[in-house]
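Listed below are the residues making up each chain.
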Amino acid sequence: MMTIAEDTMQPRKKNAKQTSETARLIFRQVRRAENTRFLRRLPGFTLDCELPNRLRELLGHLQEAEESQRGSAQH
């Protein structure tokens, strides 16, 4: 059985063709010369390596919920 995260990350069969078309359109737009020039001028960014305590706490709750969901699905 899939976890909640895996289930929501996969496109549904009826939307797979539409998702594929959307991905193709985005790819074409990003590769256009004017967009490429714009994107190259954007400054780079870095991510903070540490998460705020509240976010870490919420992620812990999410992980517990997923693990309990997995455990109840096996029984």
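Residues numbered from 1 in each chain as written. Predicted model: local features only at pLDDT ≥ 70, side-chain atom pairs only at ≥ 80, totals over all residues. Heavy atoms only, no water.

## Considerations on the pattern of salt bridges
Here comes step 1: Tallying each qualifying case throughout the model produces three salt bridges.
Here comes step 2: A salt bridge links Arg24 to Glu21, with the shortest nitrogen-to-oxygen separation between them at 2.9 Å. Note that Arg24 and Glu21 are positioned in helix 2 (residues 13–31) at a spacing of three residues, about one turn of the helix.
Here comes step 3: Since its relative accessible area comes to 44%, Arg24 is described here as partly exposed.
Here comes step 4: In this structure, Arg54 and Glu57 form a salt bridge, with 3.0 Å as the shortest nitrogen-oxygen distance. Here the residue Arg54 and the residue Glu57 both occupy positions in helix 4 (residues 53–74), the gap between them amounting to three residues, near one helical turn.
Here comes step 5: Residue classification places Arg54 among the exposed residues on the basis of a relative accessible area of 51%. (Salt bridge = Lys/Arg side-chain N within 4 Å of Asp/Glu carboxyl O. Helix = DSSP H or I, 4+ residues; strand = E, 2+ residues; numbered from the N terminus. Buried < 20%, exposed > 50% of the residue type's maximum accessible area, 1.4 Å probe, protein only.)

## Looking at the confidence of the model for the protein
Here comes step 1: Considering every residue of the protein, the mean pLDDT works out to 80; 77% of them sit at 70 or more.
Here comes step 2: Of all helices and strands in the protein, the one with the weakest mean pLDDT is helix 1 (residues 4–9) (53), whereas helix 4 scores best (89). (pLDDT = per-residue confidence, 0-100.)

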